[in-house]
Amino acid sequence: MIGLLAFLLGFASLAQAGTAAHPRAPGAVFRVPLAALPDTLNRLLREARNLRSFHTGPRHAPRLTVFFDPNCPFCARFWQSLWPRHREYRIRWIPVAYVRPDSARVAASILLANDPQAALVQNEEHFDYSNHRGGVMPAYRVPPELDRAIAKNTQFWRHWFGMLPVFFFRSAAGTHLFVGRPSPAQWRAIRQHALASR
């Protein structure tokens, strides 16, 4: 029930604050029957762990799994609300490429950086909201393996979710999916219930 509540709270934040971008059709997870939703979310979180990503935060802290586009203004606003408390979480950042034609090359710049966390901070702190452009320069050349990995991230995200930002966390009640940017009260609830388990 708590997993469903978090799922619905994401829709509430989306409707109230306009905090998510989406392609033409909702992702498949939004059409999953309610009875099958807990098992589906557990499976998707397991599969997401195999996507190309990087981590920030203490290794044994409660875990979040975040999908983001480095050129997404809604993701940048999400980052602003999360980053002051980022040391409270172990965050898996999974970049996708949807908002701009160069999103994949910006994602590659972050993933290829010697310090991906610093590159992410640079991207979000210097985000250009008027042009929907992150603050990191796109990579000039992207290794084919990395290009395929970012495409796989994007295909997974687009098929299942299709909205940004979206993130997972686990609690004693199961796996939760949240769409959009949590309110301060919702962040407090997430911090209270999120687990450090993988």
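All of the points below concern the structure found in this document. In this text the structure is predicted, and so the values were computed from the model without any measurement.

Take the environment of Arg141 next. Relative to the helices and strands, Arg141 is located in the loop between helix H5 (116–125) and helix H6 (144–160). Along the chain, Arg141 and Ser109 lie 32 residues apart, while their C-alpha atoms are 9.3 Å from each other.

Now for the pattern of salt bridges. Close approach of charged atoms lets side chains of opposite charge pair. Per the stated rule, a full pass over the model turns up five salt bridges. A salt bridge links Asp102 to Arg100, with the shortest nitrogen-to-oxygen separation between them at 3.6 Å. Relative accessible area serves as the criterion here: at 9%, Asp102 is assigned to the buried category. With relative accessibility at 24%, the residue Arg100 sits in the partly exposed group. Of the charged contacts, one joins Asp102 and Arg133 as a salt bridge, the two residues approaching to 2.9 Å between their closest N and O atoms. Of this pair, Asp102 sits in the loop between strand S3 (90–95) and helix H4 (103–112) while Arg133 sits in the loop between H5 and H6, and the two are 31 residues apart along the sequence.

Let's shift gears to empty space enclosed by the protein. Take a probe with the size of a water molecule and roll it over the atoms, and the empty space left behind shows itself. Inspection of every chain in the model, using the stated rule, returns two cavities of 30 Å³ or more. Space inside the second largest cavity adds up to approximately 40 Å³. Residue lining of the second largest cavity: Val66, Phe68, Cys75, Ala76, Phe78, Trp79, Trp93, Glu124 and Pro165, and that is the complete set. Mapped onto the lining of the second largest cavity, the elements with two or more residues apiece are strand S2 (63–68) and helix H3 (73–82). Among the elements that line the lining of the second largest cavity, the one with the most residues is H3, at four residues. By residue class, the composition of the lining of the second largest cavity is eight nonpolar, no polar and one charged.

Residues Leu64, Phe67, Trp93, Phe161, Phe167 and Ile190 are the most contacted members of the largest nonpolar core, which totals 51 residues. Setting aside residues up to four positions removed in sequence, Ile190 forms contacts with Leu64, Tyr89, Phe167, Phe169, Phe178 and Pro182.

Calculation notes
- Residues numbered from 1 in each chain as written.
- Predicted model: local features only at pLDDT ≥ 70, side-chain atom pairs only at ≥ 80, totals over all residues.
- Heavy atoms only, no water.
- Helix = DSSP H or I, 4+ residues; strand = E, 2+ residues; numbered from the N terminus.
- Salt bridge = Lys/Arg side-chain N within 4 Å of Asp/Glu carboxyl O.
- Buried < 20%, exposed > 50% of the residue type's maximum accessible area, 1.4 Å probe, protein only.
- 1 Å grid on protein atoms, 1.4 Å probe; cavity = no way out; pocket = protein on both sides within 12 Å on 5 of 7 lines; lining within 4 Å.
- Points joined across faces, edges and corners; volume = space filled by probe spheres on them.
- Nonpolar A, V, L, I, M, F, W, Y, C, P; charged D, E, K, R; others polar.
- Core = buried A, V, L, I, M, F, W, Y, C linked by side-chain atoms within 4.5 Å.
- Contact = heavy atoms within 4.5 Å.

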